[in-house]
Amino acid sequence: MDILPNHFEYENGILHAERVSALRIAEDIGTPAYVYSSAAIAERFAALQSGLSGIDHLICYAMKANSNQAILKLLKGLGAGFDAVSGGEYSRAIAAGVPGEKIVFSGVGKSASEMKTALECGIRQFNVESEPEISLLNEVAVSLGAKAPVAIRVNPNVDAETHEKISTGKSENKFGVPIARARSIYSEAAKLPGIEITGIDIHIGSQVRSIAPFRKAFSMVADLTAVLRADGHAISRLDLGGGLGIAYNRRGETSISPEDYCRTILESVGHLDCEIEIEPGRFIVGDAGILLSTVLYVKDGSDRRFLVVDAAMNDLMRPAIYDAYHEIVPVFEPGSRRDWERVDVVGPVCETSDTFARHRLLPKFSEGDAVAFLSAGAYGSSMASEYNTRALVPEVLVKGGTHAVIRKRPSIQEIIERDIVPAWL
C-alpha cells in the first residue's frame, strides 16, 4: 500500500517492519504490541543532521515522544542530545549512558530536587520558564556552590496553526515568559550568582505542518538575540524547540520536509554565530512505529458496523484526547476496493471515547484478523496507561531481520501485586 511509511512494506502478502513479519511478532508476543523500525529512526535523524551540517548544532531528541531505553541508546549512538521535561526523563537519559552535558532540561514545573539532581549529575542547560523558577534555580545552585547554565524560554505569541491542546507559543499558553518582558528578565537573571546565561529558548507547539509559524518565531529569536547582545548578554546558544509534524493521514495531509525546515533555520538564525539546538521527537519516531492489534468482533449496530479490536484508548491515547487520525491497515495485504466497507474502529474500554476511527473505509475484516495502526511511534507507548487494569503494551524494536522485546507485557497478577493493602483491611 502506498500509504505505508518507509521501512514498512508488504512482502509475500504480509506486512513487514524492515525484514521482520508483523504477523510473526503478533503470534510470538500477542497483541496489542508496539513495533519500531531502527532504520526509520536513523533515517529521520540523519535527515536533520544533514540539513544542519553547515552550522554548529545539536539535535536534542524530545524524550516525551518515546522514552524507551532502547530508543534512547539507539539515538545516543547516532550522536543525539536529549530534551527531558521531568526528573524521571532526565534519569532515563542518564541510565541510557547519556552524559549530562548532552541533556537539556525543559518543563514549566521543575522541582528543587530535580534541579539539584541535574546540577550534581551534569546538565547542558536548564530551559527556564518563569521568574520564580529562575529564583529557585539560583538558590539551589548557590547551595551547591555551582552555576546553572540557563536559556530562558520566551513566548512569542505565535500561532503554530496546530491543535489547541498542543499549541505552546501563544500568550494564552502556560509556557515561557512574554517576549515583551524578556530584556528585563534577562537583566535580573544575569545578576544572580547561581545563574549563567547561555542563550534563548523557544518552542511554539507540536505537530506543526506549516513553515510560516517557524519562520516568524525564528525571526523574532534573531531580533531578540541582537537586543540581548547589545545589553551585554553573551548569547551563544539558541534552542529553537521542536514541533516538526508528520502526515498521519497519509492520503490527505502534507508535512514540512526536513530540508525546508533546516533551510528556514539557516536563513533565520544561521548568521548569528550561535550553536543551534532543536528538539524533534514526533518527527524522528512517529512514522517509525506501528501498533499491532487483533479484531475481536465485527458487530452490527442499528446504523453502522463496528470493528472491535483488542487495542484500546489506554494503549493509544491520541485519538481519544486529540481526535487524532491514524491510518489503519491489515497485516495481510488487502485486495481490491470492492471488498472494502465503512466501519467504526473501537476498543474494549468502557468509554465512548475509546474510538479510533469513525465511518472509515477499510478492507473487510473478520474476527481474528491482525491490523496495524500506522505512525504510532510517538506519544503511543509513552502516554499509555493501565486503565481498566489492562496491561501496558509491550514494545518491540526491529533491526534488519532481527527483533527484540524492549518492554515486556506485565501479567495481570504483577499489576495487582503492586497495590498495597493496609493492615486494617
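What counts, and where the lines are drawn
- Per chain, residues are indexed from 1 in the order of the written sequence.
- Where totals are concerned, whole chains, interfaces and linings use all residues; where local detail is concerned, this predicted model gives features only for residues with pLDDT of at least 70, and gives and counts side-chain atom pairs only at 80 or more.
- Only hydrogens and water are set aside when side-chain values are computed; all heavy atoms of the structure are taken into account.
- Secondary structure follows DSSP: runs of H or I at least 4 residues long count as helices, runs of E at least 2 residues long count as strands, and numbering of each begins at the N terminus.
- As defined in this context, the radius of gyration uses C-alpha atoms, and a globule is described by 2.2 Å times the residue total to the power 0.38.
- Relative accessibility under 20% of the residue-type maximum defines a buried residue, over 50% an exposed one, and the middle range a partly exposed one, all with a 1.4 Å probe and only protein chains included.
- Computed by Shrake-Rupley with a 1.4 Å probe, the accessible areas treat only the displayed protein chains as cover when residues are assessed.
- Any carboxyl oxygen of Asp or Glu that lies within 4 Å of a side-chain nitrogen of Lys or Arg is treated as forming a salt bridge with it.
- Picture the helix axis, draw a direction to every C-beta atom, and the arc is the one those directions span.
- Should any heavy atoms of two residues lie within 4.5 Å, those residues are counted as being in contact.
- Axis lines are fitted through C-alpha atoms, for helices just across the contact stretch, and the angle between N-to-C directions can take any value from 0 to 180 degrees.
- By definition, any crossing whose near helix is turned counterclockwise from its far helix by less than a right angle is left-handed, and any crossing with a clockwise turn is right-handed.
- Gly counts as polar in this scheme, as do all residues outside two lists: the nonpolar Ala, Val, Leu, Ile, Met, Phe, Trp, Tyr, Cys and Pro, and the charged Asp, Glu, Lys and Arg.
- Being paired, for any two strands, means DSSP has found at least two bridges between them.
- Nonpolar side chains (Val, Leu, Ile, Met, Phe, Trp, Tyr) within 5 Å and like charges within 9 Å form the patches, drawn only from residues with over 30% relative accessible area and no salt bridge.

A.B. asks: Which residues make up the overall build of the protein, and what values do they have?
C.D. replies: On a plain count of helices and strands, the protein comes out with 12 helices and 21 strands. Its C-alpha atoms give the protein a radius of gyration of 23 Å, within 12% of the compact-globule value 22 Å for 425 residues. Viewed in the frame of its principal axes, the protein has a C-alpha envelope of about 70 × 60 × 45 Å. Within the span of the protein, comprising 425 residues, buried residues form 55% of the whole. Working note: accessible area of the protein is about 17800 Å², and carbon and sulfur atoms make up 50% of it.

A.B. asks: An account of the pattern of salt bridges is needed here, citing residue identities and associated values.
C.D. replies: Summed over the entire model, instances satisfying the criterion amount to 23 salt bridges. With a closest N to O distance of 3.8 Å, Arg24 and Asp28 form a salt bridge. With Arg24 and Asp28 both in helix H1 (residues 22-29) and 4 residues apart, the pair spans about one turn of that helix. By relative accessible area, which is 42% here, Arg24 ends up partly exposed. As a salt-bridge pair, Arg124 and Glu277 come within 2.6 Å of each other at their nearest N and O atoms. Here the residue Arg124 occupies a position in the loop between helix H5 (112-121) and strand E8 (125-128), and Glu277 occupies one in strand E13 (residues 275-278), the gap between them amounting to 153 residues. Pair check on accessibility: Arg124 and Glu277 agree, each one buried. Linked by salt bridges that have partners in common, Arg124, Arg237, Glu275 and Glu277 make up one network.

A.B. asks: Got a sec to walk through helix H4 (residues 87-95)? Specific residues and values, please.
C.D. replies: Where H4 is concerned, the buried positions are Gly87, Glu89, Tyr90 and Ala93. For H4, the angular spread of buried residues about the axis comes to 165 degrees, placing them on one side. Those residues of H4 hidden inside the fold are in contact with helix H3 (69-78), strand E6 (81-84), strand E7 (103-105) and H5. A positive phi of about 90 degrees marks Gly97, the residue just after H4.

A.B. asks: Describe the packing of helix H2 (residues 38-51) against helix H9 (residues 258-269), naming the residues involved and giving the relevant values.
C.D. replies: The N-to-C vectors of H2 and H9 enclose an angle of 30 degrees; their axes lie 9 Å apart at closest approach. Seen along the crossing, H2 lies across H9 with a hand that is right-handed. Across the interface between the two elements, Ala47, Leu48 and Gly51 of H2 pack against Pro258, Tyr261, Cys262 and Leu266 of H9. Tallied by class, the residues present in the contact of H2 with H9 amount to 6 nonpolar, 1 polar and no charged.

A.B. asks: Outline the sheet that holds strand E2 (residues 14-17), supporting the account with residue identities and numerical values.
C.D. replies: In space, the 3 strands of this open sheet follow the order E1-E2-E3, with antiparallel pairing throughout. Two strands bound the open sheet, and with one partner strand each, they are strand E1 (8-11) and strand E3 (20-21).

A.B. asks: Summarise unusual backbone geometry; cite the residues concerned and give the values.
C.D. replies: Here the amide bond leading from Thr31 into Pro32 is cis, since omega sits at 0 degrees, within 30 degrees of zero. Secondary-structure assignment places Pro32 in the loop between H1 and strand E4 (33-37). Positive phi values are uncommon outside glycine, yet His359 reaches one of about 55 degrees. By the secondary structure assignment, His359 is in strand E18 (residues 355-363). Judged by its relative accessible area of 53%, His359 is exposed.

A.B. asks: Would you mind going over a nonpolar patch on the surface in detail, with residue names and values included?
C.D. replies: Together, Val421, Trp424 and Leu425 make up a nonpolar patch on the protein surface, roughly 450 Å² of accessible area in all. Looking at the secondary structure, you find Leu425 in the segment after helix H12 (412-417).

A.B. asks: Can you break down the environment of Leu374 residue by residue, with the values?
C.D. replies: When you line up the elements, Leu374 lands in the loop between strand E19 (370-373) and strand E20 (395-399). Residue Leu374 is classed as buried on the basis of its relative accessible area of 1%. With 85 residues separating them along the chain, Leu374 and Gly289 place their C-alpha atoms 6.9 Å apart. Filtering out sequence-adjacent residues up to four positions away, Leu374 remains in contact with Ile3, Leu4, Pro5, Arg250, Gly289, Ile290, His326, Glu327 and Val329.

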